[in-house]
Amino acid sequence: MTEPRSSPAVVTRALWLVAGVLLYLSFGYTEMMGSDLWWHLAAGREMLAQGTVWLDDPFSYSAAGEPWRNHEWLADLIFYGWANVFGVPALVYWKWLVVVATYLGLALVLERMGGDRGAAVLAAAVALALAAPFIDVRPHLYTLAGVVLLLHLALERPPRRLPLCLLFLLWANLHGGFVFGLMALALLVFPWRSPSPGALRARGVTILACALTSLLNPDGIVVFVQPIEYAFTDSPYRSLGEWLSPFLPGGIRAPLFVPALGVAAAAIVAHGVVACLGRGRLPWSALALCALTVAMAVTSRRFIPLFGLSLALLLAPLLAALFRVAPLRRLSPFLAGATLVLALLRLAPLPLAAGPAYHYLTAEYAYPEHLVDVITGNHLAGDTFAYYNWGGYLHWRTGGALRVFIDGRANTVYDDDTYLAYLRVARARPGWISVVEDSGADFFLWPLESAGGPRLLAELAATGRWQLVYAGFRGALMARRGAALPEAITLTQGYPLELSRAREALRRGAWDTAEGAARRALDAVPWHQGACSTLASALRGQDRAADAALVIAGCRRYFPTRYLR
């Protein structure tokens, strides 16, 4: 008969649980220009409008009518459904829910392995800290959740075929990371300690059943081939920041990755020592998974979160053994309390309100909101050579009225030549204007002050074949001579227009005018990054540095962003 746990032990376990939930939530505030979110929303809306998941590309003119291999179709429907019911800003709640559930689930798996909740909560926190720079409002979070469910079903347990098949059926329609899941499954169910023919055959049947189940998706075997081609061929798309090695400059930085490699090496040595002393067995599945994810992560930084999950598998049993030492065991309630305090301190400056959180977590302020207001308000439509990161935003806001040359859907729609042509334009290489004009574009839409915008816009205007339609807060729209345009551009009133007026006044050095327009924008949306920074700039232009500092401090009370100065 199992003795009931003492009341202090129950309280300590509950304290660890609460501390874990809050700590994991605090890692869900990564600021990222998640340009993919917009086309995911647009895709969900388009599938419902057309009544089918098999779409010919409705959003571009370079691949118009070509099949769109959207292996994340189910995630797109979930995104759009969530946004339709709760509002687009509420997608931050979806993100937090998935992140907390995933890493709390990981902690429960680790507790089963090591027998200590505190060790499990902390090991899962290490995994999430390593993954945090990559935590975005994107379907890749489903792969992290899928791996955790896979660990729950198959790690150091007899594999249950039906639940595993159901997992892969869902996973293969949510995100292409299910291919990694199949590799991980092979490592998890392999009979490392007794590889008999019968055991190997049974495990092989399970893996085959899961792989065949994964074929039940709109594109069949293509969903297997496409991620593998992307990962192992010399595609120019691999020059995108998220695909770069963490040892190369550019892209998302992961400052904990190199120290984590050292921690992993030390953990492997520690497990070897424990095994040699006869005090435990080598965790072969965890070791194999760690080796696989390290190899993936050093090739592409986007796989670092997967390495974090496998690292937690190595750390948790070692921490659990350490926590069983008498002095540390007695300190467990205090460690749980300290972890709770740390979580609360991390959360204290962070908002739970959807508006400011969404604004900063998706870098909503980095998109041409006012320019698109002008486009939709004047019913402009046509083929548009647009900035890559803004393509999905145009799909979502214009419903396909502006068809783009390329966007963040990358090789699921566009071939390598299309991307290389875009790079020629983006890098202003010789002949770039011919690329734009030969593509058949009616419009050219680009950032006004970044991404080489001033040079590109000026050179295009200098040809005499293009004219400026409108320049807003973030971007400018140019049209080819002869394109269908209204006689006069109608401006939509609201804070985006005030922001554009403020920025234009800044360029002229009209500080008072800029201040007034920026204040009106900030009154409408008091957390808006663009309004905050523009107002501060206008005040500094009047030698009112103290007032500018107060504005920045006030804005940071809504969200402690690093990108507001």
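A brief report on the enclosed structure follows. Model, not experiment: these values are computed from the prediction.

Moving on: the overall build of the protein. In terms of helices and strands, the protein carries 24 helices and five strands. The C-alpha radius of gyration computed for the protein amounts to 26 Å, which stays within 12% of the reference 24 Å derived for 565 residues, consistent with globular compactness. Seen through its principal axes, the protein has C-alpha atoms that stretch 85 × 55 × 40 Å. Considering only intrachain contacts with a sequence separation of at least 6, the fraction spanning at least 24 residues in the protein is 72%. In the form shown here, the protein has an accessible surface area of approximately 23,900 Å², with 63% of it arising from carbon and sulfur atoms.

Enumeration according to the criterion identifies 20 salt bridges in this entry. Residue R519 is joined to E515 by a salt bridge in which the shortest nitrogen-to-oxygen separation is 3.0 Å. Of the two residues, R519 and E515 are both situated in helix α22 (residues 511-524); the distance of four residues between them amounts to about one turn of the helix. We classify E515 as buried; its relative accessible area is 11%. Within the structure, one salt-bridge network assembled from shared partners comprises D36, R138, E242 and R302.

Another aspect to go through is the state of the cysteines. Inspection of the entire model under this criterion finds one disulfide. The side chain of C532 participates in a disulfide bridge whose partner is C555; the two sulfur atoms lie 1.9 Å from each other. Taking the sign of the torsion about the S-S bond as the criterion, the disulfide between C532 and C555, at about -95°, is left-handed. Note that C532 is positioned in helix α23 (residues 529-541) and C555 in helix α24 (residues 545-556), a separation of 23 residues in sequence. Judged on exposure class, the residue C532 and its partner C555 are both buried.

Before going further, it helps to spend a moment on helix α9 (residues 197-214). Relative to the 26 Å expected for 18 residues at 1.5 Å per residue, α9 spans 26 Å between its end C-alpha atoms, a close match to the ideal helical length. Of the positions making up α9, those classed as buried are A199, T206, A209, C210, T213 and S214. Looking straight down α9, one finds its buried side chains confined to an arc of 145°; they lie on one side. Residues of α9 that are exposed and point more than 90 degrees away from the buried face comprise P197 and R201.

A large share of strand β1 (residues 382-386) lies buried, amounting to five of its five residues. Where β1 meets strand β2 (residues 402-404), three bridges bridge the pair, whose relative direction is parallel. Opposite D383, over in β2, you have R403 as the bridge partner. Handedness of the β-α-β unit built from β1, helix α17 (residues 391-398) and β2 comes out right-handed. Relative to strand β3 (residues 443-447), β1 runs parallel, the two sharing three bridges. Bridge pairing in β3 places F385 opposite F444.

Across the six residues that make up strand β5 (residues 475-480), a large majority, five, are buried. Where strand β4 (residues 466-471) folds back onto β5 in an antiparallel hairpin, the turn is made up of three residues.

Attention now goes to the packing of aromatic side chains. The final tally for this structure, using the stated rule, is 36 aromatic pairs. Consider the rings of Y29 and F559, whose centres lie 6.3 Å apart with planes at 40°: the pair is tilted. Of the two residues, Y29 sits in the loop between α1 (7-26) and α2 (36-50) while F559 sits in the segment after α24, which places them 530 residues apart along the sequence. As far as the burial class goes, Y29 and F559 line up, both buried. In textbook terms, an aromatic cluster arises when at least three aromatic residues are bridged by ring pairs, as seen for Y61, Y237, F385, Y387, Y388, W390, F405, Y419, Y422, W432, F444 and W446.

Let us now look at unusual backbone geometry. One non-glycine residue with positive phi stands out, namely A363, at about 50°. Despite not being glycine, H379 has its phi angle at roughly 55°, a positive value. With respect to the element layout, H379 can be found in the loop between α16 (369-377) and β1.

Here is a general trend for soluble globular proteins: nonpolar side chains tend to be buried in one another's company. By size, the foremost hydrophobic cluster in this structure holds 189 residues, and its most contacted members are Y103, L106, L110, L150, F385, Y422 and F444. Broken down by element, this core gets its largest block of residues, 13 residues, from helix α4 (residues 91-114). When neighbours within four sequence positions are excluded, F385 is seen to be in contact with Y61, F405, Y422, V425, V435, V436, S439, A441, F443, F444, L445 and W446.

Next up on the list: a negative patch on the surface. On the surface, D234, D415, D416 and D417 cluster together into a patch of negative charge. Relative to the assigned elements, D415 resides in the loop between β2 and α18 (416-426).

Bringing empty space enclosed by the protein into the picture now. Scanning the model with the defined rule gives one cavity of 30 Å³ or more in all. Of the voids in this model, the largest cavity is the one considered here, and its volume is about 70 Å³. Taken together, E364, Y365, Y367, P368, E369, H370, F473, R474, P496, L499 and H528 form the lining of the largest cavity. When residues of the lining of the largest cavity are traced back to their parent elements, those giving at least two are α16 and α21 (495-508).

On the secondary structure map, S214 appears in helix α9. Sequence-distant contacts of S214, defined by excluding residues within four places in its chain, comprise F168, A172, F178, L182, V223 and F224.

Below, the discussion takes up the packing of α2 against helix α3 (residues 73-86). At a minimum axis separation of 7 Å, α2 and α3 run at an interaxial angle of 90°. By the angle between their directions, the pair α2 and α3 is classed as roughly perpendicular. Seen from α2, the contacting residues are W39, H40, L41, A43, G44, R45, M47 and L48; seen from α3, they are W73, D76, L77, F79, Y80 and A83. Looking at the contact of α2 with α3 residue by residue, the class counts come to ten nonpolar, two polar and two charged.

The rules behind each value
- Residues numbered from 1 in each chain as written.
- Predicted model: local features only at pLDDT ≥ 70, side-chain atom pairs only at ≥ 80, totals over all residues.
- Heavy atoms only, no water.
- Helix = DSSP H or I, 4+ residues; strand = E, 2+ residues; numbered from the N terminus.
- Rg over C-alpha atoms; globule rule 2.2 N^0.38 Å.
- Contact = heavy atoms within 4.5 Å.
- Areas by Shrake-Rupley, 256 points an atom, 1.4 Å probe, with all protein chains shown as cover.
- Salt bridge = Lys/Arg side-chain N within 4 Å of Asp/Glu carboxyl O.
- Buried < 20%, exposed > 50% of the residue type's maximum accessible area, 1.4 Å probe, protein only.
- Disulfide = S-S within 2.5 Å.
- Expected span 1.5 Å × (residues − 1).
- Arc of directions from axis to C-beta.
- Pairing = 2+ DSSP bridges.
- Right-handed = clockwise from strand over helix to strand, strands pointing away.
- Phe/Tyr/Trp six-rings, centres within 6.5 Å; stacked < 30°, edge-to-face > 60°.
- Core = buried A, V, L, I, M, F, W, Y, C linked by side-chain atoms within 4.5 Å.
- Patch = residues over 30% accessible without salt bridge, like charges linked within 9 Å, V, L, I, M, F, W, Y side chains within 5 Å.
- Lys, Arg positive; Asp, Glu negative; His and termini not counted.
- Charge placed at Lys NZ, Arg CZ, Asp CG, Glu CD.
- 1 Å grid on protein atoms, 1.4 Å probe; cavity = no way out; pocket = protein on both sides within 12 Å on 5 of 7 lines; lining within 4 Å.
- Points joined across faces, edges and corners; volume = space filled by probe spheres on them.
- Axes fitted to C-alpha atoms, helices over the stretch in contact; angles between N-to-C directions.
- Parallel < 35°, antiparallel > 145°, perpendicular 65-115°, else oblique.
- Nonpolar A, V, L, I, M, F, W, Y, C, P; charged D, E, K, R; others polar.

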